Amino acid sequence: MSETAYPPVSQHLSDVDTAREEGRRKMDWALQHMPILNALREEFVDEQPLAGETIAMAMHVEAKTANLVELLAEGGAEVAITGCNPLSTHDDVSAALDAHESITSYAVRGVDDDEYYDAMHACIAHEPTITVDDGMDMVKLVHEEYPDLIDSIVGGAEETTTGVDRLRAMDADGELHYPVFAVNDTPMKQLFDNVHGTGESSLATIAMTTNLSWAGKDVVVGGYGQCGKGVAKKAAGQNANVIVCEVDPRKALEAHMEGYEVLPMAEAAKKGDVFITTTGNRDVITREHFEEMSDGVLLANAGHFDVEVNLGDLADLAVDRYEVRDGVEGFEMEDGRVLNVIAEGRLVNLAAPIALGHPVEVMDQSFGVQAVVVRELAANGDAYDAGVHDVPDELDREVADIKLAAEGVEYDDLTDEQREYMGSWEHGT
């Protein structure tokens, strides 16, 4: 693989052998609980569907992601990967990946903005034929600074809501010049990853980071998309009082009909004990809200980027700021109130010091979709025009079938007569 100016993770660590051993241990544990990736690994090793492909990835580099990366490499690809969030990389896992002869990992935890993009440039220097993104930063960088590579890129895959939203905006402007599958939008992602994954992992991370209970707390959820629904549902299941803030009247009505209190953020700010943003948008919580909040509130973000809680406004209001616990920064207001920010306002379930991301079984499903989509691009990339594409339904169903078989779950199928009936407009009453 090509040499680049930014060194792989192994050159950043003082004891790389120990790191690789620990990273491999984490990967092996996760893989025991990932039947979809295990089944696909057998197929990929046997059939080598990715032979000749070079894949550049920007993802959360931890144990579950690492098993996807290794699956792609075992399927014949050369893979270069870096992080999609400065605080979500596990250096030991990154080092374990970098030990694979077909993988170069540039992901290092805690990098600054310049290093973050240096590592992404290093991945792109491998001249990818396929990109796999979480947040769309790599696709954007390719289009802005490496347009000469676009003709040789058969396509890409995008993991998350924020990335798909950005891609659709890019596509609408006529600026997306190769096909990208919206993995985030497919049922095997939406129904499980965003609801169960975000809901469970965000609440678990906040609880472990703070050592506080959910029972009886007023939890304000900013946004009632799939991720917000998961956070609200899981918080209610742990006996919290849930308040939802929304800008879409239909989602606000849906939250109301689910039994949650629905308020504007300006009113919720007066009541909340914990605030969790899930919108993918900026300035969900700002100065006017901080001024109304009670002493001791917790502020966390479960959206992709660190722009949902306006930390600039909070810093301007604060007369002091200090670490109150590992992963929690207290901002002291002039009147003595302390507002507590978890994980620097970054994606809480991956950026907090003890964060482990979504549960293994959930990510097995999402990464299974990623794998079959990459396989589809390698086999049939020419069939897709530039732009955002839905994942073909048969690929999503394939992943569901693998999971059900692994769980020993059987289900019905339509008869020929039922298929004919459903496919015809001629049947009347």
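As the structure is a prediction and not an experimental result, all values here were calculated from the model.

Let us look at the sheet that holds strand β5 (residues 155-158). Strand order in the open sheet made by the seven strands is β3-β2-β1-β4-β5-β6-β15, with parallel pairing throughout. The sheet is open, and its two borders are formed by β3 (103-105) and β15 (387-389), each paired with just one other strand. Going across the sheet, the axis of each strand differs from the next one's by a mean of 20 degrees, ignoring polarity. Contacting β1 (54-59) and β2 (78-83), helix α5 (residues 113-124) crosses the sheet at an angle of about 170 degrees to β2. Sheet contacts for helix α15 (residues 360-380): β1, β4 (130-133), β5 and β6 (179-182); angle to β4, the most-contacted strand, approximately 160 degrees.

Here the focus is the domain arrangement of the protein. In terms of domains, the protein is made up of domain 1 (9-189 + 359-407) and domain 2 (195-351). Computed over C-alpha atoms only, the centres of domain 1 and domain 2 are separated by 29 Å. In this assembly, 16 residues from domain 1 lie in contact with 13 residues from domain 2. Counting across the domain 1 and domain 2 interface gives one residue pair in polar contact (both at pLDDT 80 or more). Broken down by class, the residue content of the side of domain 1 that touches domain 2 amounts to five nonpolar, six polar and five charged.

As a further point, take the pattern of salt bridges. If you walk through the whole model with that rule in mind, you get 27 salt bridges. Here Arg-168 makes a salt bridge to Asp-390, at a shortest N to O gap of 3.9 Å. In this pair, Arg-168 is assigned in helix α7 (residues 161-172) and Asp-390 in the loop between β15 and α16 (393-407), connecting sequence segments 222 residues apart. Look at Arg-168 and you get partly exposed, because its relative accessible area is 36%. Salt-bridge contacts for Lys-271 lead to Glu-261; the nearest nitrogen and oxygen are separated by 3.0 Å. Note that Lys-271 is positioned in helix α11 (residues 265-271) and Glu-261 in strand β9 (residues 261-262), a separation of ten residues in sequence. According to the relative accessible area criterion, Lys-271 is partly exposed, its value standing at 36%. Each of Arg-24, Asp-28, Arg-41 and Glu-70 takes part in a single network of salt bridges with overlapping partners.

Cut-offs and rules
Residues numbered from 1 in each chain as written. Predicted model: local features only at pLDDT ≥ 70, side-chain atom pairs only at ≥ 80, totals over all residues. Heavy atoms only, no water. Pairing = 2+ DSSP bridges. Helix = DSSP H or I, 4+ residues; strand = E, 2+ residues; numbered from the N terminus. Axes fitted to C-alpha atoms, helices over the stretch in contact; angles between N-to-C directions. Contact = heavy atoms within 4.5 Å. Domains from an automatic or database assignment. Polar contact = N/O pair within 3.5 Å; in protein donor to acceptor, adjacent residues only side chain to side chain. Nonpolar A, V, L, I, M, F, W, Y, C, P; charged D, E, K, R; others polar. Salt bridge = Lys/Arg side-chain N within 4 Å of Asp/Glu carboxyl O. Buried < 20%, exposed > 50% of the residue type's maximum accessible area, 1.4 Å probe, protein only.

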